[in-house]
Amino acid sequence: MDERLFCSDLHLSPERPETMALFRHFLATRAKRASQLYILGDLFDAWIGDDDDLPPYQRIRQALRALTRGGTGCALLPGNRDFLLGKAFCRATGCRLLPDPSLLIDHGQRILLMHGDLLCTDDLAYQRFRRRVRNPLLKRLFLWKSLEKRRAIARDYRRKSAQATAQKRPQVMDVNQTAVQAYLARFQATHLIHGHIHRPSTQIHEEQGVQIVRHVLAEWWEDRGEILSLSERGWHREAVQFD
Ligand code: LP5
Ligand code: MN
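Remember, it's a predicted structure, so these values are computed and weren't measured experimentally. (Residues numbered from 1 in each chain as written. Chains lettered and ligands numbered in written order. Predicted model: local features only at pLDDT ≥ 70, side-chain atom pairs only at ≥ 80, totals over all residues. Heavy atoms only, no water.)

1. With respect to the packing of aromatic side chains
Consideration 1: Applying the stated criterion to the full structure yields 12 aromatic pairs.
Consideration 2: On the numbers, 6.4 Å between centres and 40° between planes, the contact of Y126 with F129 is tilted. With a gap of 3 residues between them, Y126 and F129 both fall in helix α4 (residues 124-133), about one helical turn apart.
Consideration 3: On the basis of relative accessibility, which here comes to 32%, the residue F129 falls in the partly exposed class.
Consideration 4: Consider the rings of F129 and Y157, whose centres lie 5.3 Å apart with planes at 85°: the pair is edge-to-face. Here Y157 lies in helix α6 (residues 147-167) and F129 lies in helix α4, a separation of 28 residues in the sequence.
Consideration 5: In textbook terms, an aromatic cluster arises when at least three aromatic residues are bridged by ring pairs, as seen for F44, W47, Y57 and F89. (Phe/Tyr/Trp six-rings, centres within 6.5 Å; stacked < 30°, edge-to-face > 60°. Helix = DSSP H or I, 4+ residues; strand = E, 2+ residues; numbered from the N terminus. Buried < 20%, exposed > 50% of the residue type's maximum accessible area, 1.4 Å probe, protein only.)

2. Some words on unusual backbone geometry
With glycine set apart, most residues show a phi of negative sign, and most peptide bonds adopt trans.
Consideration 1: Omega for the peptide link from D100 to P101 comes to 0°, which places this bond in the cis form.
Consideration 2: Here P101 lies in the loop between β4 (96-97) and β5 (102-106).
Consideration 3: The phi dihedral of Q188 falls on the positive side, at around 45°, and the residue is not glycine.
Consideration 4: Locating Q188 in the fold gives a position in the loop between α7 (177-187) and β7 (191-194).
Consideration 5: With relative accessibility at 59%, the residue Q188 sits in the exposed group.
Consideration 6: Despite not being glycine, E222 shows a phi value in the positive range, around 50°.
Consideration 7: Along the chain, the position of E222 falls in the loop between β9 (210-216) and β10 (225-231).

3. Here we look at the packing of helix α1 (residues 17-28) against helix α2 (residues 55-69)
Angle between the axes and distance between the axes are the two parameters that describe a pair of packed helices.
Consideration 1: Between α1 and α2, whose axes approach to 9 Å, the crossing angle comes to 15°. The angle between α1 and α2 falls in the class roughly parallel. Judged by the twist between their axes, the crossing of α1 over α2 is left-handed. In this structure, α1 contributes M20, F23, R24 and L27 to the contact, and α2 contributes P56, Y57, R59, I60, A63, L64 and L67.
Consideration 2: Taken together, the residues that form the contact of α1 with α2 break down as 9 nonpolar, no polar and 2 charged. (Axes fitted to C-alpha atoms, helices over the stretch in contact; angles between N-to-C directions. Parallel < 35°, antiparallel > 145°, perpendicular 65-115°, else oblique. Left-handed = near helix turned anticlockwise from the far one by under 90°. Contact = heavy atoms within 4.5 Å. Nonpolar A, V, L, I, M, F, W, Y, C, P; charged D, E, K, R; others polar.)

4. Some words on the coordination of the manganese ion (ligand 2)
Consideration 1: Protein coordination at the manganese ion (ligand 2) comes from D42 (OD), N80 (OD1), H115 (NE2) and H196 (ND1), with a distance range of 2.1 to 2.3 Å.
Consideration 2: In the primary structure, the donors to the manganese ion (ligand 2) are separated according to the pattern D-x37-N-x34-H-x80-H. With N80 in the loop between β3 (73-76) and α3 (87-93) and H196 in the loop between β7 and β8 (201-207), this pair connects stretches of sequence that are 116 residues apart. Residue N80 shares its accessibility class with H196, and that shared class is buried. (Donors = N, O, S within 2.8 Å, 3.2 Å for Na, K, Ca; no water.)

5. Re the sheet that holds strand β2 (residues 36-39)
Consideration 1: Taking strand neighbours across the sheet as the criterion, the 6 strands line up as β4-β3-β2-β1-β10-β11 in an open arrangement whose pairing is mixed. The open sheet has two edge strands, β4 and β11 (234-240), and neither has a second partner.
Consideration 2: Here strand β1 (residues 4-7) pairs with β2 via 4 bridges, running parallel. Across the sheet, the residue bridging to L5 is L37, located in β2. (Pairing = 2+ DSSP bridges.)

6. Here we look at the site of ligand 1
Consideration 1: With respect to spatial proximity, 24 residues lie near ligand 1, and among them R81, D123, R158, K168 and H196 are the closest.
Consideration 2: Here an oxygen atom of ligand 1 sits 2.8 Å away from a polar atom, N or O, in the side chain of N80.
Consideration 3: In the model, an oxygen atom of ligand 1 is placed 2.5 Å from a nitrogen or oxygen of the R81 side chain.
Consideration 4: The set of elements that each furnish at least two residues to the shell around ligand 1 consists of α4, α5 (136-144) and α6.
Consideration 5: When grouped by side-chain class, the residues that make up the shell around ligand 1 number 13 nonpolar, 4 polar and 7 charged. (Near = heavy atom within 4 Å. Polar contact = N/O pair within 3.5 Å; in protein donor to acceptor, adjacent residues only side chain to side chain.)

Scope: geometric values only; no functional claims are made or implied.
Quick look at the structure:
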């Protein structure tokens, strides 16, 4: 069966061995039966460069490599925590990188794939921060630093981010409906799949007589995860856990 799986916000980190093990288990079992796996950002909690070869990351590389060698395609759309994922990671794993946003056309459906942070246009402080850290020159300067220095900077960003988000109102960190509609219209899409906001839901509404569906993916936590699947049988949400 031609089946596509979507997930996001796994936030893998050596500090969360349980979720790392769950993801490897998922790749070796459920994901193998699909034709394509789409990871829509924040696979990692903080990615400081493709040269980070800590053993837990090596095990993830190997598990992704085994999946793609087995014939399941894997697409990575980077998020705000792992936008430094690059070509070397793809070479090592057989994954391919997708730009944000990306349009997927399947069974005649136009499906827009995003991480979700671009939709949070009311969070002005974040959008400013995003523009700064995505600057190619700043990225290059960062990647020239030692792994140890980069790790310290990432920790500092994470700490400052936690302080900043604790002060923000939840509505500010949600998607902006005008931004959602503008992206859907630009790509003439009827489906939008994204994560980032960690508020899983399926939102259905009508736009000029056309049904629009927004699938918000869930964050993985400890030994629990969630995927969204699309096949001839339609759309389904599924829990991911150890058997
Ligand atoms: O990630 P989360 O869920 O906590 O919050 C996000 C937004 N925060 C971020 C920052 C990331 O968490 C940091 C990830 C590090 C990645 C690896 C390092 C790569 C560095 C590369 C450099 C070239 O994305 C948060 C949003 C929230 O989602 C909801 O959408 O609100 O945005 C912020 O918190 C941004 C703040 O509002 C403004 C920035 C404060 C930090 C200032 C940094 C200066 C420190 C300099 C240190 C050397
Ligand atoms: Mn995110």
